[in-house]
Amino acid sequence: MIIIVLLCLLSVITFLLFGTDKQRALKHKWRIPERTLLFFSVFGGIGGLLGMFVFHHKTRKLRFKILVPIFAFVDAAVLAFFLYASVYYAADASAADAMQSDYVVTVEKTDTGWLFDGPADEKALIFYPGAKVDETAYAPLLHRLAEEEMDVYLVKMPLHFAFLGINKAGEIMDHSDYDRYYVGGHSLGGAMAAEYAAEHESDLAGIILFAAYPTKKTNLDTLLIYGSEDGVLNMQCVEGASDLVSGRFQEIMIDGGNHALFGNYGEQKGDGQAQISGEEQQEQVVRAVREFV
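So, here is what we can say about the structure in this document. Sequence order as written defines residue numbering, which begins from 1 separately in each chain. Side-chain atom pairs in this predicted model are given and counted only at pLDDT of 80 or more, local residue features only at pLDDT of at least 70, and totals for whole chains, interfaces and linings cover all residues. Note: side-chain values were computed over all heavy atoms of the structure, leaving out hydrogens and water.

**So, the overall build of the protein**
Of the regular secondary structure elements, the protein holds ten helices and eight strands. Radius of gyration here uses only the C-alpha atoms, and the compact-globule reference equals 2.2 Å multiplied by the residue count raised to the power 0.38. For 293 residues, the compact-globule estimate of 2.2 N^0.38 gives 19 Å, and the C-alpha radius of gyration of the protein, at 25 Å, exceeds that figure by more than 25%. A principal-axis box enclosing the C-alpha atoms of the protein has dimensions of 80 × 40 × 40 Å. Partly exposed describes any residue whose relative accessible area lies between the buried limit of under 20% and the exposed limit of over 50%, with all areas from a 1.4 Å probe on protein chains only and scaled to the type maximum. Expressed as a percentage of its 293 residues, the buried residues of the protein come to 50%. Total accessible area on the protein stands at roughly 14,200 Å², and carbon and sulfur atoms take up 56% of it. In this count, Lys and Arg are taken as positive residues and Asp and Glu as negative ones, while His and the chain termini are left out. We put the charge of a Lys on NZ, of an Arg on CZ, of an Asp on CG and of a Glu on CD. When the 24 basic and 38 acidic side-chain charges of the protein are each reduced to a single mean position, those positions are 25 Å apart. Numbering of helices and strands starts at the N terminus; helices are DSSP runs of H or I of at least 4 residues and strands are runs of E of at least 2. The method behind every accessible area is Shrake-Rupley, applied with a 1.4 Å probe, and residues are considered shielded solely by the protein chains displayed.

**Some words on the packing of aromatic side chains**
A pair of aromatic rings is counted whenever rings of Phe, Tyr or Trp (Trp by its six-membered ring) have centres within 6.5 Å, and the orientation is called stacked for planes under 30 degrees apart, edge-to-face for over 60 and tilted otherwise. Taken as a whole and judged by the stated rule, the model has 15 aromatic pairs. Measuring from centroid to centroid gives 4.9 Å for Phe15 and Phe55, while their planes differ by 40 degrees, and the two rings are tilted. Of the two residues, Phe15 sits in helix 1 (residues 2-26) while Phe55 sits in the loop between helix 3 (45-54) and helix 4 (62-85), which places them 40 residues apart along the sequence. Assessed through its relative accessible area of 23%, Phe15 is described here as partly exposed. One cation-aromatic arrangement involves Lys109 over Trp114; the distance from NZ or CZ to the ring centre is 4.8 Å. For a ring to carry a charge above it, either NZ of a lysine or CZ of an arginine must fall within 6 Å of the ring centroid while also lying within 35 degrees of the normal to the ring plane.

**What to know about the sheet that holds strand 4 (residues 151-155)**
Pairing is mixed in the open sheet, where eight strands are placed in the order 1-2-4-3-5-6-7-8. The open sheet is flanked by strand 1 (106-109) and strand 8 (249-254), the only strands paired with a single partner. Neighbour-to-neighbour, the strand axes of this sheet turn through a mean angle of 15 degrees, independent of strand direction. Here four bridges tie strand 2 (residues 113-117) to strand 4, and the two strands are oriented antiparallel to one another. Considered in strand 4, the bridge of Leu115 is made with Tyr153. The criterion used for residue contact is that any of the two residues' heavy atoms lie within 4.5 Å. Only the stretch in contact is used when fitting a helix axis, every axis being a line fitted to C-alpha atoms; angles between N-to-C directions are given from 0 to 180 degrees. Its contacts with the sheet put helix 10 (residues 278-292) on strand 5 (180-186), strand 6 (206-210), strand 7 (221-227) and strand 8, and the angle it makes with strand 7 is roughly 165 degrees. When DSSP finds two or more bridges between two strands, those strands count as paired.

**A closer look at the nonpolar core**
In plain words, nonpolar cores are sets of buried Ala, Val, Leu, Ile, Met, Phe, Trp, Tyr and Cys residues tied together by side-chain atoms within 4.5 Å. Grouped together as the largest cluster of nonpolar side chains are 35 residues, with contacts concentrated most on Phe116, Leu142, Val152, Ile208, Phe210, Ile225 and Val289. Those elements that provide at least two residues to this core are strand 2, strand 3 (123-128), helix 6 (139-148), strand 4, strand 6, strand 7 and helix 10. Look past the residues within four positions of Ile208 in its chain and what remains in contact with it is Leu125, Met150, Tyr182, Val183, Gly184, Gly185, Leu223, Val289, Phe292 and Val293. Counting residues in each nonpolar core, the second largest holds 26 residues, with Tyr153, Met173, Val183 and Ala193 among its members.

**As for unusual backbone geometry**
It is generally the case that most residues other than glycine have a negative phi and that most peptide bonds are trans. In this model, Lys132 sits at a positive phi of 60 degrees, which is unusual for a non-glycine residue. Relative to the elements of secondary structure, Lys132 occurs in the loop between strand 3 and helix 6.

**Let's talk about the side chain of Lys168**
In this structure, Lys168 sits in helix 7 (residues 168-174). Non-local contacts of Lys168, meaning those with residues more than four positions away in its chain, are made with Thr112, Tyr128, Val155, Lys156, Met157 and Pro158.

**Overview of the pairing of strand 1**
Examined bridge by bridge, strand 1 and strand 2 share four bridges and lie antiparallel to one another. Considered in strand 2, the bridge of Lys109 is made with Trp114. Where strand 1 folds back on strand 2, the antiparallel hairpin that results is connected by three residues.

**Focus on the packing of helix 3 against helix 4**
Between helix 3 and helix 4, whose axes approach to 7 Å, the crossing angle comes to 135 degrees. Judged on the interaxial angle alone, helix 4 and helix 3 are oblique. For the element pair helix 3 and helix 4, the recorded crossing hand is left-handed. Of the residues in helix 4, those in contact with Gly45, Ile46, Gly48, Leu49 and Met52 of helix 3 are Phe64, Lys65, Val68, Pro69, Phe71, Ala72, Asp75, Ala76 and Leu79. Here the word oblique covers every angle except those under 35 degrees (roughly parallel), over 145 (roughly antiparallel) and from 65 to 115 (roughly perpendicular). A crossing counts as left-handed when the near helix is turned anticlockwise from the far one by less than a right angle, and as right-handed when that turn is clockwise.

**A few points about helix 6**
Within helix 6, eight of the ten residues are buried, leaving the element largely enclosed by the surrounding structure. All of the buried residues along helix 6 are Ala139, Pro140, Leu141, Leu142, His143, Arg144, Leu145 and Ala146.

**Points about the packing of helix 2 (residues 34-43) against helix 4**
Where helix 2 contacts helix 4, the axes come no closer than 7 Å and their chain directions differ by 25 degrees. On the basis of the axis angle, helix 2 is roughly parallel to helix 4. Across the interface between the two elements, Glu34, Leu37, Leu38, Ser41, Val42 and Phe43 from helix 2 touch Arg63, Phe64, Leu67, Val68, Phe71 and Asp75 from helix 4. Looking at the contact of helix 2 with helix 4 residue by residue, the class counts come to eight nonpolar, one polar and three charged. Classification convention: Asp, Glu, Lys, Arg as charged; Ala, Val, Leu, Ile, Met, Phe, Trp, Tyr, Cys, Pro as nonpolar; all other residues, Gly among them, as polar.

**Structural notes on a nonpolar patch on the surface**
Patch building starts from residues that exceed 30% relative accessible area and form no salt bridge, then joins like charges within 9 Å and nonpolar side chains (Val, Leu, Ile, Met, Phe, Trp, Tyr) within 5 Å. Whenever a carboxyl oxygen of Asp or Glu lies within 4 Å of a side-chain nitrogen of Lys or Arg, that contact is scored as a salt bridge. On the surface, Ile2, Ile3, Leu6, Leu9, Ile13, Leu62, Ile66, Leu67, Ile70, Phe73, Val74 and Val78 cluster together into a nonpolar patch covering about 1,100 Å² of accessible area. Of all the secondary-structure elements, those providing two or more residues to the nonpolar patch are helix 1 and helix 4. At seven residues, helix 4 tops the list of elements feeding residues into the nonpolar patch. Relative to the helices and strands, Leu67 is located in helix 4.

Pasting the structure below:
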């Protein structure tokens, strides 16, 4: 990712600047201004901190002793986050096939992701993908939903984290025209969709959660679907979900299903072993959504 490369490059440059300035000081030559060293340390703090200790440079300057370690800590945290986000679950070949249009559903790119445009004209689901999952992994399920039930917007989230794009549903509704909108998603994506819904109830007809649970009180009708073998979902939060919903609440457990089979991205760490196929789990999901809407 470009941000990882830039942070590493700036750290190297900052390290070299500290070394160069130290050599110039020893030879009584023209020095690099301190404000320049501090400026580069803002985004190259790791290199600046290493430069201070490797070259024994600016270690007696109070503002360097305070500011450069702070910059280094922040830069290290940012770098760690982006490295963490850069590793995610990739979609499999069947998901790539489902991203193609056919005679029933047209798949088209949008500003926020993709639209699965099927025969429905009145209803639309805005779907938030799970954390660290390639959003196209959900194409088989969403393509199937669009064949009969509703059009589906698949949202592409920044860095594959829905909390970085929680208001994407609002952008979609501002630029589309359906009688009824539902928001939902898988895992963290579902939780973020529910949080958005709780703040925008007047715009929505309901919430559809796939291995997720509501995070705030809501008056919206809510459907919660999960697998009996799910090893990732917090079941204590599922048990308390109905207390947060004042509207119609429906909870469906898919016997033999697990967390990962809502999408097509392979096994997920910490998940239980499914006793049914992904196709069977997703078919049961489609039936549940059909009955709910």
